[in-house]
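Summary of structural features
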Amino acid sequence: MTRPYAPGYGIPTDLLLKAYASGVFPMAESASDPEVFWVRPETRGIIPFDGFHVPHSLAKTIRQGHFEIRFDSDFEAVIDACAERRAGRLSTWINAPIREAYTHLHRIGNAHSVEAWREGELVGGLYGVSLGRAFFGESMFSRETDASKVCLVHLVQRLRERGFLLLDTQFTTDHLKRFGAVDVPRDKYEKMLAKALIGEATFMP
């Protein structure tokens, strides 16, 4: 399914939230592509809270307090940084309609960022969507070693504290598997999602 984009017309908020509630999310072929397509993978990446693992070296970095961690202090800067070209990745799936849609979700309280700052500079972060007691991780970036990893640890800590049941990573990567990410079949994921959508958890105070 694709939907054209033109200035002033993006992904309707109600459609986007219904998509997440159905186990579907949008992507784009590239930053310059004006359309989005909808993805419903056969297997879905998740990080089970009871299986979350923090590598020893990263735990040491966190204890040393290299970064100041903030939540939702500059969401738009995080999504812009996630969309930047960088070594090993010359394109991105974050196009204009996606930026517009998630920025609006943030304004109404359904999208959030976790940010790593050092000396007043944003050096790493991630963002995602919260719905019910589920959090859907979208993208992360790092300008300093371990910055995005530290954000992930703080994300999991907050989700646990606030009563979330599901952390969706969409896909698994070798990077995420180090933290305990696993693939689950679509039917199992959708049952987990249905349970997580019962009730409400609050990401921010």
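Residues numbered from 1 in each chain as written. Predicted model: local features only at pLDDT ≥ 70, side-chain atom pairs only at ≥ 80, totals over all residues. Heavy atoms only, no water.

**Things to note about the overall build of the protein**
- Within the protein, the regular secondary structure consists of seven helices and 10 strands.
- Its C-alpha radius of gyration of 16 Å places the protein within 12% of the 17 Å reference for a compact globule of 205 residues.
- Overall, the C-alpha framework of the protein stretches about 45 × 35 × 35 Å when taken along its three principal axes.
- Of all 205 residues assigned to the protein, the portion counted as buried reaches 48%.
- Within the protein, contacts between residues at least 6 apart in sequence are counted, and of these 73% link residues at least 24 apart.
- Computing the positive centroid from 25 side-chain charges and the negative centroid from 26, the protein places the two 5 Å apart. (Helix = DSSP H or I, 4+ residues; strand = E, 2+ residues; numbered from the N terminus. Rg over C-alpha atoms; globule rule 2.2 N^0.38 Å. Buried < 20%, exposed > 50% of the residue type's maximum accessible area, 1.4 Å probe, protein only. Contact = heavy atoms within 4.5 Å. Lys, Arg positive; Asp, Glu negative; His and termini not counted. Charge placed at Lys NZ, Arg CZ, Asp CG, Glu CD.)

**Some points on the nonpolar core**
- Core analysis: the biggest nonpolar cluster contains 39 residues, and Leu-16, Tyr-20, Ile-94, Ile-98, Tyr-102, Tyr-127 and Phe-136 have the highest contact counts within it.
- Among the elements that make up this core, the one with the highest residue count is helix 3 (residues 75–82) (five residues).
- Membership of the second largest hydrophobic core comes to 25 residues, among which are Phe-67, Cys-151, Val-153 and Leu-159. (Core = buried A, V, L, I, M, F, W, Y, C linked by side-chain atoms within 4.5 Å.)

**Topic: the side chain of Asn-110**
- Looking at the secondary structure, you find Asn-110 in the loop between helix 4 (96–107) and strand 6 (111–118).
- Judged by its relative accessible area of 15%, Asn-110 is buried.
- Not counting residues within four places of it along the chain, the set of residues in contact with Asn-110 comprises Leu-17, Leu-105, Gly-128, Val-129, Ser-130 and Leu-131.

**A word on the environment of Ile-79**
- Turning to its location among the elements, Ile-79 is positioned in helix 3.
- Since its relative accessible area comes to 1%, Ile-79 is described here as buried.
- Here the alpha-carbon distance between Ile-79 and Ile-108, two residues 29 residues apart in the chain, equals 16 Å.
- Beyond its immediate stretch of four places on either side in the chain, Ile-79 contacts Ile-94, Ile-98, Arg-99, Tyr-102 and Tyr-127.

**Focus: the confidence of the model for the protein**
- Mean pLDDT over the protein works out to 92, with 93% of the residues at or above the 70 mark.
- Contacts of residues 1–9 to residues separated by more than four positions or lying in other chains number 22 contacts, the stretch itself having pLDDT below 50. (pLDDT = per-residue confidence, 0-100.)

**Quick look at unusual backbone geometry**
- With a phi angle near 50 degrees, Glu-119 is a residue other than glycine that sits in the positive phi range.
- Looking at the secondary structure, you find Glu-119 in the loop between strand 6 and strand 7 (121–131).
- Positive phi is not limited to glycine here, since Gln-170 has a value of about 70 degrees.
- For Gln-170, the location among the structural elements is in strand 9 (residues 166–170).
- Residue class for Gln-170 comes out buried when judged on its relative accessible area of 5%.

**Thoughts on the pairing of strand 8 (residues 134–142)**
- Of all nine residues making up strand 8, seven are buried, and the element is well covered by its neighbours.
- The antiparallel hairpin formed by strand 7 and strand 8 contains two residues in its connecting segment, where Gly-132 sits at a positive phi of about 60 degrees.
- As paired strands, strand 8 and strand 9 are joined by three bridges and run parallel to one another. In the strand pairing of strand 9, Phe-135 is matched with Leu-167.
- Handedness of the strand 8-helix 5 (residues 147–161)-strand 9 crossover: right-handed. (Pairing = 2+ DSSP bridges. Right-handed = clockwise from strand over helix to strand, strands pointing away.)

**Digging into the packing of aromatic side chains**
- Throughout the structure, instances matching the rule amount to nine aromatic pairs.
- Taking the centre distance of 4.9 Å and the plane angle of 55 degrees together, the rings of Tyr-20 and Phe-136 count as tilted. Here Phe-136 lies in strand 8 and Tyr-20 lies in helix 1 (residues 13–21), a separation of 116 residues in the sequence. This pair shows no difference in class: Tyr-20 is buried, exactly as Phe-136 is.
- Geometrically, the ring pair formed by Phe-52 and Phe-179 is stacked, given 5.9 Å between the ring centres and 15 degrees between the ring planes. Remark: Phe-179 occurs in the loop between helix 6 (174–177) and strand 10 (182–185) and Phe-52 occurs in the loop between strand 4 (43–46) and helix 2 (56–64); sequence separation between them is 127 residues. (Phe/Tyr/Trp six-rings, centres within 6.5 Å; stacked < 30°, edge-to-face > 60°.)

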